[in-house]
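Listed below are the residues making up each chain.
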Amino acid sequence: MVRADGARAVAGLRDLGARTSDERGAQRLAWTSTWGEARAWLRDELAQIEGVSVRVDVAGNLWAMLPGASSRTVVLGGHLDSVPNGGWLDGALNVVGALEVLRALATAPQPLTVRLVDWADEEGARFGRSLLGSSACAGTLDPGSICDLTDAQGIRLAGALAEWGVDVHRMPEACAERSDVVAYLELHIEQGPVLERLGLPLGVVLGTFGVQRHRLWFRGAHAHAGSTPMDLRRDAFLAAARSAIAFRDDAAGRVEARATTGIVQVSPGIVTAFNGACEISLDQRALDDTVLREMLASARQASERISAEEGCTVEWQPLLETPPVPFDAELIERADAVVDRVAGSSVRLPSGALHDATEMARVVPTVMLFVRSIGGISHTAAEDTDEADLELSVRALDELARDTIARLAVR
Amino acid sequence: VPERLSIDRERSAARIGEGSGFAQMLLGSRIVAGRVDEEDLRGRFRAIDDGRSFWEHAEAAGYEPSRWRECARILDDLSGWIELHIEQARVLQDTGHRVGVVNAIAGYVHGDITIDGRADHAGATPMDMRSDSAVVAAETIVELERLARSAGAGVVGTVGEIEAHPGAINVIAGRTRISLDVRGPDDPEIARVVGAIAGFAERAAAARGQAASYVARQSLPATLLDPAIVVALEAAARDSGEPYMTMISGAAHDTMCVAQRVPSAMLFVPCRDGLSHTPAEHAEPADGALGAEVMFNAIRALV
């Protein structure tokens, strides 16, 4: 049996990076000529694999198909597009790893059809809408909500996509691409610190976090820092600080949950007055929707209790609400066994970031593999992973694909 | 002792009490008290709006800044100084007093604490793998409130400024700076609180694998006011039959500078809801008149 060649995948990633990066990093911004060059490189590679056909769907996603005995299909996905000044692995590892798996699978007849997909515009870096191609395929894209988006130069999304032959209003027709799909597999760099801290090269992703994002306004009354005794103050900043600690402590006491206050602004914001108004952000994440709702309720309660204690009021403004998307339980089990075998030890972890797999998980059984990121760094030119880990991750994807095909072929 | 004591004279407004134009508090009275040097006026003190020096602005306005040392003479003939001021806080209003006799003006220490953690992704970084500088800043703010409440009488502590970087909703704050303003009537107690909060921040940062550092800005020692004038003001207030109290001033006033040369005291009258530095600032004319009367009678008793 021919196995996917991890070393060839690394060489391919280096070649792709050299063609589509400058000294500041990868420049494969979706719907630009550099992105087009990346896809041309992929088409050249796919053309070398006998029996594989390539086409682009109505949403701009590039599909390569290796027909099997059955039309039931296992999909391996990724995205060649990058953020500006991005890294060489984010999204590209998924595609190039899948390319080598496809190359290996093509050397023998397969019971199921295997397709590789290069999703269009995962990053959303140009128009601000991420997971564009995969959400079209999953049926969650509303064309009306995106046509009028513009880039930094004022160019409309609809116009830019038309140049690539994509009619925004027809993008939802990409749903047809998933009619025979029975499993979706995606390999990705972790983009976080967990695997590195655990000393493990590979992990299995449990799903992507649900997110609750809010803006909180604490209001008291500002006054002179010198002349106002401590017990007569209505310090909005103090109420916000105590609340932010409560949010953090709540998340720290739970399993696989996050709470972050990244923005804080005070008014009047001078050294000689305490603050009458304070605005903070809250970003809460959890893998379980019930837990996420509990966290939100607990945060609201804490902020109201603390505000009352400090003589202040608090007002909540929701900014973003996305439910958790758990991956397929059976695929998680199988992936765990594969990683155990390939890497000697496995771990299951949630994904903090959204991925195309998040969209696919809504409609087909899905799982992701993570490979460790050096320093947890991503979306910059410093993004990196040891070559040995990359080769191991391609081997794990290869084994997971074979395991999935074999298992589903007998159903 | 001057022959005639006029209220206007004793209330002579110092040129810059608020410190907004040049970011220097009490500038006029500091010049009079000799608490500046010529380099400050020629170069260091610059207008916030156009960056020109105090010296240039004074000349443009028709003054002779080169004669600044002569200002000190205006204090030469004074045997006493009383400043009548609105309280700028709610202590008198909340306690139902119409007059406050000020026996000390709080000193202050201004500084900054900067906390260095690590800016990581809010989703990808588990709670126990974070170096969140904003959390240490929040803990420090809460601790300063506790320290000030448990410190000696009249001590207050404030964090008025905060900058969290990079300041994005989905990124853990890698670096956070907070300002400190600690005041009180007792300098060693202020120093103790500042030392305690700086030490707390360092320990709280270290406990989360971070580093915190304290850098001092401006400070001014507390000013104890003249006991004889304070006693005279208390007697005059008692004689007025109106409710009064003896208190410290938490805010800095020009009297802090004048008191270096002349026996001094202050008198407060209430202002509505403690509001000051806003157009809503208001004091009852009757309270102002009562303050003037108490001051006048105290001066009569002293001379």
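Residues numbered from 1 in each chain as written. Chains lettered and ligands numbered in written order. Predicted model: local features only at pLDDT ≥ 70, side-chain atom pairs only at ≥ 80, totals over all residues. Heavy atoms only, no water.

**Student:** Would you mind going over the overall build of chain B in detail, with residue names and values included?
**Tutor:** In terms of helices and strands, chain B carries ten helices and ten strands. Out of the 303 residues belonging to chain B, those deemed buried represent 52%. Taking all contacts inside chain B whose residues are at least 6 apart in sequence as the whole, residues at least 24 apart take part in 77%. Only carbon and sulfur atoms are counted for the fraction: they give 51% of the accessible area of chain B, which is about 13,500 Å². With 30 positive and 44 negative side-chain charges, chain B shows a separation of 2 Å between the mean positions of the two kinds. (Helix = DSSP H or I, 4+ residues; strand = E, 2+ residues; numbered from the N terminus. Buried < 20%, exposed > 50% of the residue type's maximum accessible area, 1.4 Å probe, protein only. Contact = heavy atoms within 4.5 Å. Areas by Shrake-Rupley, 256 points an atom, 1.4 Å probe, with all protein chains shown as cover. Lys, Arg positive; Asp, Glu negative; His and termini not counted. Charge placed at Lys NZ, Arg CZ, Asp CG, Glu CD.)

**Student:** Requested: an account of the packing of aromatic side chains, with residues and values cited.
**Tutor:** Going through the model one piece at a time under the given rule, you end up with five aromatic pairs over all chains. Between A:Trp35 and A:Trp164, the ring centres sit 5.0 Å apart and the planes meet at 65°, which makes this aromatic pair edge-to-face. Of this pair, A:Trp35 sits in helix H2 (residues 33-47) while A:Trp164 sits in the loop between helix H5 (157-162) and strand S7 (181-189); the two residues are 129 residues apart in sequence, bridging distant segments of the chain. The class of A:Trp164 is partly exposed, set by a relative accessible area of 35%. Plain terms: the ring middles of A:Trp63 and A:Trp119 are 5.6 Å apart, the flat faces sit at 80° to each other, and that makes the pair edge-to-face. Of this pair, A:Trp63 sits in strand S4 (residues 62-66) while A:Trp119 sits in the loop between strand S6 (112-118) and helix H4 (132-138), and the two are 56 residues apart along the sequence. Pair check on accessibility: A:Trp63 and A:Trp119 agree, each one buried. Among the aromatic residues, ring-to-ring pairing joins A:Trp31, A:Trp35 and A:Trp164 into one connected group. The ring of A:Trp63 carries A:Arg115 above its face, with NZ or CZ at 4.1 Å from the centroid. The lysine or arginine in question, B:Arg42, covers the ring of B:Trp55, its NZ or CZ lying 4.0 Å from the ring centre. (Phe/Tyr/Trp six-rings, centres within 6.5 Å; stacked < 30°, edge-to-face > 60°. Lys NZ or Arg CZ within 6 Å of the ring centre and 35° of its normal.)

**Student:** Would you mind going over the nonpolar core in detail, with residue names and values included?
**Tutor:** Ranked by size, the top nonpolar core spans 78 residues in total, and within it A:Leu42, A:Leu46, A:Leu185 and A:Leu369 carry the most contacts. It is helix H3 (residues 92-105) of chain A that provides the largest number of residues to this core, a total of ten residues. Leaving out residues up to four positions away in the same chain, A:Leu369 has contacts with A:Glu186, A:Leu187, A:His188, A:Gly203, A:Val204, A:Val205, A:Ala335, A:Val339, A:Ala396, A:Leu397 and A:Leu400. Counting 55 residues, the second largest nonpolar core, distinct from the first, contains A:Val264, A:Leu296, B:Val155 and B:Ala204. (Core = buried A, V, L, I, M, F, W, Y, C linked by side-chain atoms within 4.5 Å.)

**Student:** Before we move on, could you go through the confidence of the model for chain B and cite the residues and values that matter?
**Tutor:** Interpretation of this model should avoid reading the predicted coordinates in detail wherever pLDDT is low. Residues with a pLDDT of 70 or more make up 93% of chain B, whose mean pLDDT is 89. If you check the scores for this complex, the pTM reads 0.78 and the ipTM reads 0.74. (pLDDT = per-residue confidence, 0-100.)

**Student:** Residues and numbers for the packing of helix H1 (residues 6-20) of chain A against helix H11 (residues 387-409) of chain A, please.
**Tutor:** Residues and elements named next belong to chain A. Where H1 meets H11, the closest approach of the two axes is 8 Å, and the angle between their N-to-C directions is 120°. As H1 packs across H11, the resulting crossing turns out to be right-handed. Of H11, the residues touching H1 (which contributes Gly 6, Ala 7, Ala 9, Val 10 and Arg 14) are Glu 387, Leu 390, Glu 391 and Val 394. Residues of the contact of H1 with H11, tallied by class, amount to five nonpolar, one polar and three charged. (Axes fitted to C-alpha atoms, helices over the stretch in contact; angles between N-to-C directions. Left-handed = near helix turned anticlockwise from the far one by under 90°. Nonpolar A, V, L, I, M, F, W, Y, C, P; charged D, E, K, R; others polar.)

**Student:** So what about the side chain of B:Arg177? Which residues, and what values?
**Tutor:** All names here are of chain B. Its place among the elements puts Arg 177 in strand S6 (residues 175-184). Within the local environment of Arg 177, its side chain forms a polar contact with the side chain of Glu 161, the two groups lying 3.1 Å apart. Those residues in contact with Arg 177 that sit more than four places away from it in its chain are Asp 112, Ile 113, Thr 114, Glu 161, Ile 162, Glu 163 and Arg 217. (Polar contact = N/O pair within 3.5 Å; in protein donor to acceptor, adjacent residues only side chain to side chain.)

**Student:** Can you explain the layout of surface pockets? Please cite residues and give values.
**Tutor:** As a volume, the second largest pocket reaches approximately 1,100 Å³. Lining the second largest pocket are 44 residues, and of these A:Ala353, A:Leu354, A:His379, B:His121 and B:Asn170 sit closest to its centre. Of all the elements in the fold, those that place two or more residues in the lining of the second largest pocket are helix H6 (194-198), strand S9 (210-219), strand S15 (313-322) and helix H10 (356-361) of chain A. For the lining of the second largest pocket, the class distribution of residues is 13 nonpolar, 19 polar and twelve charged. (1 Å grid on protein atoms, 1.4 Å probe; cavity = no way out; pocket = protein on both sides within 12 Å on 5 of 7 lines; lining within 4 Å. Points joined across faces, edges and corners; volume = space filled by probe spheres on them.)

**Student:** Which residues make up the interface of chain A and chain B, and what are the values?
**Tutor:** Counting residues at the interface gives 48 residues for chain A, matched by 49 residues for chain B. Around 4,100 Å² of area is buried between chain A and chain B when both sides are counted, 65% of it from carbon and sulfur atoms. For chain A, the biggest contributors to the area lost against chain B are A:Met230, A:Arg248 and A:Val271; these three give 17% of the whole. Here chain A and chain B share zero salt bridges between them. Where chain A packs against chain B, one counts ten residue pairs in polar contact (both at pLDDT 80 or more). Every element with two or more residues in the side of chain A that touches chain B is listed here: H6, S9, helix H7 (236-252), strand S11 (257-260), strand S12 (264-267), strand S13 (273-274) and strand S14 (277-286) of chain A. Per-element tally for the side of chain A that touches chain B: the top contributor is H7(A), with eight residues. Considering only residue class, the side of chain A that touches chain B consists of 23 nonpolar, 15 polar and ten charged. (Buried area = accessible area lost by both parts, 1.4 Å probe. Salt bridge = Lys/Arg side-chain N within 4 Å of Asp/Glu carboxyl O.)

**Student:** So what's going on with the pattern of salt bridges? Residues and values would help.
**Tutor:** Residue and element names in this part refer to chain A. If you walk through the whole model with that rule in mind, you get 57 salt bridges over all chains. The residue Arg 254 makes a salt bridge to Glu 294 at a minimum N-O spacing of 2.9 Å. Pair noted here: Arg 254 is in the loop between H7 and S11 and Glu 294 is in helix H8 (residues 289-309), with a separation of 40 residues, a long-range link. Judged by its relative accessible area of 24%, Arg 254 falls in the partly exposed class. The partly exposed category is assigned to Glu 294, whose relative accessible area is 41%. Here Arg 334 ties to Asp 403 by a salt bridge, and the two come within 2.9 Å at their closest N and O atoms. Within this pair, whereas Arg 334 is found in helix H9 (residues 329-343), its partner Asp 403 is found in helix H11, the two being separated by 69 residues in sequence. A relative accessible area of 32% means that Arg 334 is categorised as partly exposed.

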